[in-house]
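This is what each chain is made of:
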Amino acid sequence: MHTNFKRQTAIITGAGQGIGFGVAKALLEQGANVLLNDLDAALAEQAANKLNELQKGKCIPHTGDASQPEVIDDIIHSSIHQFGTVDIVVANAGITIFKPFIDFELADFQKIMAVNLQGSFFLTQAAAKVMQQQENGGQVLLLSSIVGQRAFPNSAAYAMSKAALSMMARTLVIELSPLGIRINAIAPGATVTERTQENNPDYASTWRRHNPDGQVATPEDIAETALFLLSSAARHINGQTITVDGGWTGVGNHPKEF
């Protein structure tokens, strides 16, 4: 697999920990430079320092709410100022709010749509404008979810946002392909991260019982798929959503613990 990303610049949002951090680490190990965004300033700084210890590519932290246009503009400008280009965008920032449909409030709905959809949409747009000017194309990767493919309790708004990201990837091939930009999405299944373990200490053991392969994903599993989709080995994969879930979407058993 051709995963040499030397001299390429990647923007990754929501990457202070979890899947975003895993993707940042994988890209740095392959020689890319990374602008690592997170809403939490301390987390972004800590993550960047840890990644720079690899002594591979360079990682710079960037704090801000990646759903907001002014922050998106600053992310793009910072990437160009620090590294000269924008070659890869991984729109990873997202939030989850599990709540019964009957009780869902407007503020929660708007927050999910702002972070999960608005941020991904306008970050992709801003990056595409730069990639068009650079005239050498680029790669965009969106983070969808298996919840956008199979119904899951108390997750209507979140599921809608994640399903929309898959359609965003499929639709934008029409407009981005002529610019030399590929866009795809990953739909992770249950993945052990700091956040999922904090919310449920039994998260991993619960999902191992429900996934057909008896395993639960790690950020490294998702990162390996990201490397493939962003690499030249996937040059003819465009507008697709790759599911990484150990087979759960083929079974769809809902853990009662959730």
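Provided above is the structure to which this section pertains.
Owing to the predicted nature of the structure, the values given are computational and were not obtained by experimental measurement.

Peer 1: For this particular structure, what's the right way to read the packing of aromatic side chains?
Peer 2: Aromatic ring pairs: the centre-centre distance and the angle between the two ring planes describe each pair. In this structure the tally under the stated criterion is four aromatic pairs. Centre to centre, the rings of F98 and F152 are 6.3 Å apart; their planes meet at 50°, and the pair counts as tilted. With F98 in the loop between β4 (88-91) and α4 (106-134) and F152 in the loop between β5 (138-143) and α5 (156-176), the pair connects residues that are 54 residues apart, well separated along the chain. Residue classification places F152 among the buried positions, given a relative accessible area of 12%.

Peer 1: Mind showing me how you'd approach the sheet that holds strand β3 (residues 59-63) here?
Peer 2: The strands making up a sheet are joined through hydrogen bonds of the backbone, oriented either antiparallel or parallel. Ordered in space as β3-β2-β1-β4-β5-β6-β7, the seven strands form an open sheet in which the pairing is parallel. Where the open sheet ends on each side, the last strands, each with one partner, are β3 and β7 (241-244). Between one strand axis and the next, the sheet turns through 15° on average, direction left out of account. Bridge count for strand β6 (residues 181-188) against β7 is four bridges, and the pairing is parallel. Bridge pairing in β7 places I186 opposite I242. Sitting on the sheet, helix α2 (residues 41-52) is in contact with β2 (33-38) and β3, with an inclination near 175° to β3.

Cut-offs used in this document
- Residues numbered from 1 in each chain as written.
- Predicted model: local features only at pLDDT ≥ 70, side-chain atom pairs only at ≥ 80, totals over all residues.
- Heavy atoms only, no water.
- Phe/Tyr/Trp six-rings, centres within 6.5 Å; stacked < 30°, edge-to-face > 60°.
- Helix = DSSP H or I, 4+ residues; strand = E, 2+ residues; numbered from the N terminus.
- Buried < 20%, exposed > 50% of the residue type's maximum accessible area, 1.4 Å probe, protein only.
- Pairing = 2+ DSSP bridges.
- Axes fitted to C-alpha atoms, helices over the stretch in contact; angles between N-to-C directions.
- Contact = heavy atoms within 4.5 Å.

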